[in-house]
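Here's the letter readout for the chains.
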Amino acid sequence: MQSKELRSILDFIDEKITYPDIFSIEGASTNPEVTVGGKKVLIFCSNNYLSTAADKRIKEEMIKAVNIYGMGSGGSRLISGNISIQEQLEKKIAKFKGTEDAITFSTGYMANTGVIPALLTPPVTSALSYLKNKTFLRDKSIVFSDELNHASIVDGIRLSKAEKYIYQHKDMADLEKGLKSSKKYKTRLIITDGVFSMDGDIAPLDEIMALAKKYNASVMVDDAHSTGILGEKGQGTAEHFKIPHHPEITMGTFTKVFGGVGGFVAGSKELIKYLRVTARTYIFSAPIPPAIAAGIIEAIEIVATEPQRREKLWKNVHYFKEHLHQNGFNTLGSETQIIPIFIGDEKKAVKVARRLLELGFFTPCVRWPAVSHGQSRLRLTLMSEHTKEQIDSLVKALIQVRTEIHF
Ligand SMILES: Cc1ncc(COP(=O)(O)O)c(C=O)c1O
C-alpha cells in the first residue's frame, strides 16, 4: 500500500469515527492513581482487577529471576527455550484452575489463535474426536461461537478454516438450533467467553455444557476475565456454576488478575500433550520471558491465598453498580467488574472520554472494531484497590458529563 492510499484511509477513519486517542501513561499504570499528560488522574479501565501487578513480592521474585536468567529464553520451547521455570508456571496455573495440566503461550491472543486451529484444522481435524473416541476421523469440523466472543477467538476460527455457526449472544435456543442441524460434522466445538470482555456479562456455561453433552460436542471457555474473579476459589466460570466437570478446554491469560503477560490453556494431560505438537503459536514462537514467568507464579500464589482481594473487588462492583443504576445509567447486562456505560455514537463517545479525562478520570471509550458500529461505550473496570470515595467521585463526574454531552 502506498502512503497516499494509507493517508486517505486514515482521513476516512478520522472523519467518520475520529482516530483513537492513544494516551501515554507516565510511570506505573497499576495503581488507581496514574499520571497522564503530567496530570494525576484516576484510572477506571485497567484489567489489573486484583491490584497485583505492582505487588512488592512479585517484583522481588522478578528481580531474583532476572539475576538468574537474564532477559529472554533463547528460543522456542521445543528448541532451547524450555527453561524449568516455564514448567513450574504450567504446574502452578493447572493447580489453580483444578486441571491435570496446562500449556502457556506468550500472549492470550496467541493461545486462542494457536489452539483453535490445532483442534479443528484438517488433517488433525479429528483431534477432538480422537480425544473423545480414540479414533482419528478425518472429517470437517464445525465451531459454534457466541457473536460477542473476543477477537482472538474470531481470529482463531478464521485461521482454522472450519465451518462456523455464530450464535446470538448467550442464546441457547439458537445454539441448539445450530447443533441440531450439524449432524454431518463429527467434530463439534462450542467456544464462549466466560465473562464477555466488552459487556461484563457471564456466559451460561452450565447450559452450554448440558447442550454439548446432548449433542456430543466439546466446549472451550475463554476465562480471561473470569480467572481469579468468579467462583469461591477464583477458579473461573466452571467454578461459578459449580459444574462438576471442567470444559475440555479452558483458556486464560496472565494479563488480567495476574498483572503480567502471557496466555494459557488448561485441560487434560492428553490435550496439553497434543497441543505441544500442534499449536503453531506454541511451536514457532518464544515463550513468556523467565522473569515474567517468575512474577506470574508469585501472582498466582497471591490470588490463590488472598481471597480478601476478590471480596474487596466484588464489594466495589456492587457499590458502583448500585450508584450507577440509581442515577439512571445503562450498564447493559454487566454482572462483573467490567461495567460498560452505553453511549452509541462513536464521536460522542470520544467526547465523553476526553471530558472525563479533563475532570480527572482515565476512562478511554471502546468503539469499532472492539464493538460493532454504533455500540460505543465507556468500558469501566474496577480494581480491588479503588476506594469508595474514588468511586463516588467517578459517579459524580459521569452525571456532570451526561448533562453536558447528553448520552
Ligand atoms: C476474552 C479475552 N480473550 C483473550 C484475550 C487476549 O489476551 P492477551 O491480552 O493476553 O493477549 C483478551 C484480551 O483482552 C480477552 O479479553
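Fair warning: this is a prediction, and the values are worked out from it, not measured in the lab. (Residues numbered from 1 in each chain as written. Predicted model: local features only at pLDDT ≥ 70, side-chain atom pairs only at ≥ 80, totals over all residues. Heavy atoms only, no water.)

## Considering the site of the ligand
Near the ligand, the surroundings consist of 16 residues, among which Gly108, Asp222, His225, Thr253 and Lys256 are the closest. Contacts to the ligand include His225, whose side-chain N or O atom sits 2.6 Å from an oxygen atom. Between the ligand and the protein, one listed contact pairs an oxygen atom with a side-chain N or O atom of Thr255 at 3.0 Å. For the ligand, whose accessible area on its own is 390 Å², the fraction buried by protein is 85%. When atom positions are compared with the pocket grids, the ligand is found to occupy the second largest pocket. Elements that contribute at least two residues to the shell around the ligand include exactly helix H4 (108-120) and strand S9 (249-253). Considering each element in turn, the shell around the ligand owes the most residues, three residues, to H4. Across the shell around the ligand, the residue classes break down as three nonpolar, 10 polar and three charged. (Near = heavy atom within 4 Å. Polar contact = N/O pair within 3.5 Å; in protein donor to acceptor, adjacent residues only side chain to side chain. Areas by Shrake-Rupley, 256 points an atom, 1.4 Å probe, with all protein chains shown as cover. 1 Å grid on protein atoms, 1.4 Å probe; cavity = no way out; pocket = protein on both sides within 12 Å on 5 of 7 lines; lining within 4 Å. Sits in = over half its atoms within 2 Å of the grid points. Helix = DSSP H or I, 4+ residues; strand = E, 2+ residues; numbered from the N terminus. Nonpolar A, V, L, I, M, F, W, Y, C, P; charged D, E, K, R; others polar.)

## Some details on the nonpolar core
Core analysis: the largest hydrophobic core is formed by 60 residues, its most contacted members being Phe254, Phe258, Phe320, Leu378 and Leu398. Counting residues per element, this core draws most heavily on helix H12 (residues 290-305), which supplies nine residues. Counting the residues that make up this core, at least three belong to each of domain 1 (14-43 + 307-405) and domain 2 (56-305). Listed in part, the 26 residues of the second largest apolar core include Val143, Leu271, Tyr274 and Leu275. (Core = buried A, V, L, I, M, F, W, Y, C linked by side-chain atoms within 4.5 Å. Buried < 20%, exposed > 50% of the residue type's maximum accessible area, 1.4 Å probe, protein only. Domains from an automatic or database assignment.)

## Some points on the layout of surface pockets
Within this model, the largest pocket holds a volume of roughly 610 Å³. Forming the boundary of the largest pocket are 23 residues, of which Glu147, Asn149, Val154, Pro369 and Ala370 lie nearest the centre. Broken down by secondary-structure element, the contributors of at least two residues to the lining of the largest pocket are strand S5 (141-146), helix H6 (151-160) and strand S6 (163-167). Top contributing element to the lining of the largest pocket by residue count: H6, with five residues. (Points joined across faces, edges and corners; volume = space filled by probe spheres on them.)

## Looking at the sheet that holds strand S3 (residues 39-43)
Ordered by their spatial adjacency, four strands build an open sheet running S1-S2-S3-S12, and the pairing between neighbours is mixed. Looking along the sheet, the strands with just one partner apiece sit at the ends: strand S1 (25-26) and strand S12 (361-362). Two elements, S3 and S12, share two bridges in a ladder whose sense is parallel. If you follow Ile43 over to S12, its bridge partner there is Phe362. (Pairing = 2+ DSSP bridges.)

## Some details on the domain arrangement of the chain
When its domains are assigned, the chain resolves into domain 1 (14-43 + 307-405) and domain 2 (56-305). Every contact between the two is made by 19 residues of domain 1 and, on the other side, 21 residues of domain 2. Counting each side, the surface lost to burial between domain 1 and domain 2 is near 1400 Å², with a carbon and sulfur contribution of 51%. Its largest share of buried area at the contact with domain 2, domain 1 owes to Arg310, Glu335 and Ile338, together 36% of the area lost on that side. For the interface between domain 1 and domain 2, the tally reads two salt bridges. Between Asp199 and Arg377 there is a salt bridge; the shortest N-O distance is 3.0 Å. Here domain 1 is connected to domain 2 by 10 residue pairs in polar contact (both at pLDDT 80 or more). For the side of domain 1 that touches domain 2, the secondary structure elements donating two or more residues are helix H13 (307-326), strand S11 (338-344) and strand S14 (376-381). Among the residues forming the side of domain 1 that touches domain 2, the class breakdown is nine nonpolar, five polar and five charged. (Contact = heavy atoms within 4.5 Å. Buried area = accessible area lost by both parts, 1.4 Å probe. Salt bridge = Lys/Arg side-chain N within 4 Å of Asp/Glu carboxyl O.)

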